[in-house]
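Each chain is listed here by its residues.
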Amino acid sequence: MSTLKALTTLLAKPRRLKALLSYGHKGYLNSIGWFRAFDEQQAIDGNGDPIPWVTYSFIDFIKGRLNKNLVVFEYGSGSSTLFYAKQVRRVVSVEHDEEWYKKIVGSKPDNAEMIYTLLSTDGEYARKASLLNEKFDIIIVDGRDRVNCCKHSLAALSEKGVIVLDDSERAAYNDARILLKQAGFKELSFSGISPGLFYLKATSVFYKADNCLSI
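Residues numbered from 1 in each chain as written. Predicted model: local features only at pLDDT ≥ 70, side-chain atom pairs only at ≥ 80, totals over all residues. Heavy atoms only, no water.

## Overview of the overall build of the chain
For clarity, the threshold we go by: Helix and strand assignments follow DSSP, with helices taken as H or I runs no shorter than four residues and strands as E runs no shorter than two, numbered in order from the N terminus. Between the two quantities, the radius of gyration covers C-alpha atoms and the globule rule is 2.2 Å times the number of residues to the power 0.38. For each residue, the accessible area found with a 1.4 Å probe, counting protein chains only, is set against the maximum for its type, and the residue is called buried under 20%, exposed over 50%, and partly exposed in between.
Looking only at helices and strands, one finds ten helices and seven strands in the chain. In summary, the chain has a C-alpha radius of gyration of 19 Å against a globular reference of 17 Å for 215 residues, a match within 12%. A principal-axis box enclosing the C-alpha atoms of the chain has dimensions of 60 × 40 × 35 Å. By the burial criterion, 42% of the 215 residues in the chain qualify as buried.

## Things to note about the packing of aromatic side chains
To be explicit about the condition: Side-chain rings of Phe, Tyr and Trp, where Trp is taken by its six-membered ring, are said to pair if the distance between their centres is within 6.5 Å; with planes under 30 degrees apart they count as stacked, over 60 as edge-to-face, and otherwise as tilted.
A complete count under the given rule lists twelve aromatic pairs for this structure. With a centroid separation of 4.9 Å and 70 degrees between ring planes, the pair formed by Phe73 and Tyr75 is classed as edge-to-face. For the pair Phe73 and Tyr75, one class covers both residues: buried. Arranged with centres 5.8 Å apart and planes meeting at 35 degrees, the rings of Tyr101 and Tyr116 form a pair that is tilted.

## Considerations on the environment of Gly27
Tracing the backbone shows Gly27 in helix 3 (residues 27-31). Separated by 137 residues in the primary sequence, Gly27 and Val164 place their C-alpha atoms 29 Å from one another.

## Structural notes on unusual backbone geometry
A negative phi angle characterises most non-glycine residues, just as the trans form characterises most peptide bonds. The phi dihedral of Asn133 falls on the positive side, at around 55 degrees, and the residue is not glycine. Mapped onto the elements, Asn133 comes out in the loop between helix 8 (124-131) and strand 4 (136-141). A residue is classified by how much of its surface remains accessible, and Asn133, at 79% relative accessible area, is exposed. Phi at Asp145 is positive, roughly 50 degrees, even though this residue is not glycine. Along the chain, Asp145 turns up in the loop between strand 4 and helix 9 (146-153).

What follows is the structure in structure tokens.
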């Protein structure tokens, strides 16, 4: 729908327009900080604190299951790094965007490590988790080359580890979902909106029976 057509539709339905305007300062979207995230174009909650740029339903699920015994690896860094660092023992993030890396690396907390790595298909970036000679309880795939990131993450998971794939609704990442299920993982998908964004998306957790999130 074009912007003009959308505006015409709203004007023709004044009750709908009134409702949209009134919920800018109350209701669910306001309480979760969606309007603030939209205005500031950042992944933040209603208090301005950083949150992952994933579905709110996933955030609601994960935040009560994190603890200081867990070690997290992220493909992609930013607000999510700050969010997880508050909740877990240690976070390691790999970032391919050098400009973004230089912008945020100075503000990382003490228990977070950010690694800049050049991006190439099925290259060092996708393999980084498996190259660190460390096991991770949660591996979050929210960067580039996600199918290969999922593939190489298998070797870096702890015994009770889980993999989180953001934007799992995208056809381009279906091969990753198939690969993980063939490796014995079950998928738990959380769909909905995410901070400041209108469209429907999904964030999926891939887990086995004995896992660190008590699923």
